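Here is how the chains run, residue by residue.
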Amino acid sequence: MSSLRTLMVPDGLAGERVDVGVSRMLGLSRSRAAELIDAGLVEVGGTAPARSTRLEPGAMLSVELPEEKPVAEVRPMIAEGMSLVHQDDDLVVIDKPVGVAAHPSSGWSGPTVLGHLAAAGVSIRTSGDPERQGIVQRLDVGTSGLMVVARTERAYTTLKDAFRARAVEKVYHAICQGRPDQRTGTIEAAIGRSPNHDYKFAVVQDGKHSITHYEAIEELSGATLLRIILETGRTHQIRVHMSALKHPLIGDPLYGSDPTLAARLGLTRQWLHAMELTFTHPATGRPVTFTSQYPADLRQALESLREG
């Protein structure tokens, strides 16, 4: 006996391999997802894909799951690798692993930040959509790093206003292909939906005003480690701006990176991590800063690049 799961591929998994997408959407190990694909139990748009086939958002993904290996969970899923950096009465700061969405959404049945917090007994009491309570910022499913979640209405309102007023400093580390002409620079270019692909974003004339500041930290073999500060927070902003600069992020074929380089480094997502968050605490009025470390996959890829 088996059960059939049919899901729509969300925007956050655009360009990912099928085995990676199946793993994240169903909460399976990567090896288990590969077994299902090899056994012909996975279809994308009615066709059996290879493990390396790239997903397009909106496509229908069907997976036949043998009954003896159930994946459905009654309780909210706990995301492996997620850590609680800070917790107080007003907010929590978490270090989000790759493959975790900020909150539940249509077409996504994988782990979420809010699901993890609920399962860990962290209460959130704010207004807004019940499925998005406390969310004042988001990180893409394919991006890891720091996120702050409000627990009270006071914190929710104050932090939303702070993000809107650009009063929160968000620092990312990223590795791009090649070396930008200038070691430091600012990219100011409007971002909107790509005119050619609904699931991509691009620099477009009628897009939303977007500003990215970057600084080279280390020159690597055919790549550069960057410190990036976002002045605005558009969807895929860093990925789009670096691609427009002709230096896409390593591991980001959706925006023009070399997939063979990512494969050599063992990367299945873009090399991008939210490293620091600085903001005024909504209760104390004092500035607070939280920091993160590179997760294992990014650290290993960086070391490989350092070795040449």
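In case you missed it, the structure is sitting above this.
The rules behind these values
Residues numbered from 1 in each chain as written. Predicted model: local features only at pLDDT ≥ 70, side-chain atom pairs only at ≥ 80, totals over all residues. Heavy atoms only, no water. Helix = DSSP H or I, 4+ residues; strand = E, 2+ residues; numbered from the N terminus. Contact = heavy atoms within 4.5 Å. 1 Å grid on protein atoms, 1.4 Å probe; cavity = no way out; pocket = protein on both sides within 12 Å on 5 of 7 lines; lining within 4 Å. Points joined across faces, edges and corners; volume = space filled by probe spheres on them. Nonpolar A, V, L, I, M, F, W, Y, C, P; charged D, E, K, R; others polar. Core = buried A, V, L, I, M, F, W, Y, C linked by side-chain atoms within 4.5 Å. Buried < 20%, exposed > 50% of the residue type's maximum accessible area, 1.4 Å probe, protein only. Expected span 1.5 Å × (residues − 1). Arc of directions from axis to C-beta.

(A) Summary view of the side chain of H236. Tracing the backbone shows H236 in the loop between strand 12 (223-230) and helix 5 (237-244). When residues no more than four places from it in sequence are discounted, the contact partners of H236 are D140, Y199, F201 and Y255.

(B) Just empty space enclosed by the protein, in detail. Taken as a whole and assessed by the stated rule, the structure comprises two cavities of 30 Å³ or more. The space that makes up the largest cavity amounts to roughly 120 Å³. Across the lining of the largest cavity, the residue classes tally to three nonpolar, seven polar and six charged. Put simply, the second largest cavity is a space of about 40 Å³. Q137, L146, K170, V171, Y172, A274, E276 and L277 are the residues that line the second largest cavity. Secondary-structure elements contributing two or more residues to the lining of the second largest cavity are strand 7 (169-177) and strand 13 (272-280). Taken together, the residues of the lining of the second largest cavity break down into five nonpolar, one polar and two charged.

(C) Region of interest: the nonpolar core. Counting 28 residues, the largest nonpolar core has V113, L117, V149, Y172, I228 and I238 as its most contacted members. For this core, the elements supplying multiple residues, two or more each, are strand 5 (91-96), helix 3 (113-119), strand 6 (144-150), strand 7, strand 11 (211-220), strand 12, helix 5 and strand 13. Those residues in contact with I238 that lie beyond four places of it in its chain are Y172, I228, L230, L249 and L272. Judged by nonpolar contacts, the second largest core, of 20 residues, contains L7, L36, V42 and V141.

(D) The arrangement of helix 7 (residues 296-307) in detail. In this model helix 7 runs 17 Å from its N-terminal to its C-terminal C-alpha over twelve residues, within 8% of the 16 Å that 1.5 Å per residue would give. For helix 7, the complete set of buried residues consists of L298, A301, L302 and L305. With its buried residues spanning 100 degrees around the axis, helix 7 presents them on a single face. Of the residues in helix 7, the exposed ones pointing more than 90 degrees away from the buried face are Q300 and E307. Looking at the buried side of helix 7, the elements it contacts are strand 6, strand 7, strand 11, strand 12, helix 6 (259-265) and strand 13. At the exit of helix 7 stands G308, carrying a positive phi of roughly 85 degrees.

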